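Understanding the architecture of this molecule
Now for the letters of each chain:
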Amino acid sequence: EGSQELCPPHRLARAAYGAMAFTRQGRAARRLSVQFEDRTVSKAYWAFVEGRVRPDEGTWTDTLYKVHGVAQSRVVPADHPGAKRAVLHYRVLVVNDRGTWLEIDLETGRTHQIRVQAASRGHPVAGDTQYGAATAFGPECEDARARAIPLHAPQLGFRHPMPPHPV
């Protein structure tokens, strides 16, 4: 219980970067994990996607299937075995001749959710060749999974997992 090893109660996709929560105690990690499981943690992301996203704000709702044995998901019909509902809310921040910067609030947290939902609408995250991006981003890398993509988690919101100590 009193271990000083850092425990991450959640994860980011390998290609994403940004805010992560770590705990020093297993009990705190478990309590924080419950918040993630109960979907009471707010997660905000910024993503630069190809093309012009319209309308300027909205909600994308799909059913996703995590392909077993492969780090990939895909949009499938709702009655597909193993399909899970995926919901995100987006707002256009900036549009330029290379694409659109989105601010995204995840309602659910599925494997590669932002990447697959954006790509399924013709707006893959720039540089994300795994989901069909044509626009290069960052330095070349032999392993496509190690390539950086413009998907950033600037903020996490959660309740502190440990009660305050009495004075």
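Everything below is about the structure shown above.
As the structure is a computational prediction, the values presented were derived from the model and not from experiment.

Cut-offs and rules
- Residues numbered from 1 in each chain as written.
- Predicted model: local features only at pLDDT ≥ 70, side-chain atom pairs only at ≥ 80, totals over all residues.
- Heavy atoms only, no water.
- Helix = DSSP H or I, 4+ residues; strand = E, 2+ residues; numbered from the N terminus.
- Expected span 1.5 Å × (residues − 1).
- Buried < 20%, exposed > 50% of the residue type's maximum accessible area, 1.4 Å probe, protein only.
- Arc of directions from axis to C-beta.
- Contact = heavy atoms within 4.5 Å.
- Patch = residues over 30% accessible without salt bridge, like charges linked within 9 Å, V, L, I, M, F, W, Y side chains within 5 Å.
- Areas by Shrake-Rupley, 256 points an atom, 1.4 Å probe, with all protein chains shown as cover.
- Salt bridge = Lys/Arg side-chain N within 4 Å of Asp/Glu carboxyl O.
- Phe/Tyr/Trp six-rings, centres within 6.5 Å; stacked < 30°, edge-to-face > 60°.

Along its 12 residues, helix H1 (residues 26–37) runs 16 Å from first to last C-alpha, staying within 8% of the 16 Å computed at 1.5 Å per residue. Three or more residues of H1 are buried, namely Ala28, Ala29, Leu32, Ser33, Gln35 and Phe36. Seen along its axis, H1 keeps its buried residues to an arc of 155°; they face one direction. Contact partners of the buried residues in H1: strand E2 (42–49) and strand E7 (151–157). After H1 finishes, the residue Arg39 shows a positive phi value of roughly 60°.

A cluster of nonpolar side chains, Trp46, Leu93 and Val94, forms an exposed patch at the surface whose accessible area comes to about 240 Å². Considering the arrangement of structural elements, one finds Val94 in strand E5 (residues 84–96). You can call Val94 partly exposed: its relative accessible area is 41%.

The next point concerns the packing of aromatic side chains. Across all of its chains, the model carries 2 aromatic pairs by this definition. Seen from their ring centres, Trp60 and Tyr90 are 4.8 Å apart, and the 40° between their planes marks the pair as tilted. With a gap of 30 residues between them, Trp60 in strand E3 (residues 57–67) and Tyr90 in strand E5 connect regions that are remote in the sequence. For the residue pair Trp60 and Tyr90, the accessibility class agrees, reading buried in each case.

Before going further, it helps to spend a moment on the environment of Thr111. Turning to its location among the elements, Thr111 is positioned in the loop between strand E6 (99–106) and helix H2 (113–120). Exposure remark for Thr111: the relative accessible area of 19% places this residue in the buried category. Here the alpha-carbon distance between Thr111 and Val67, two residues 44 residues apart in the chain, equals 9.6 Å.

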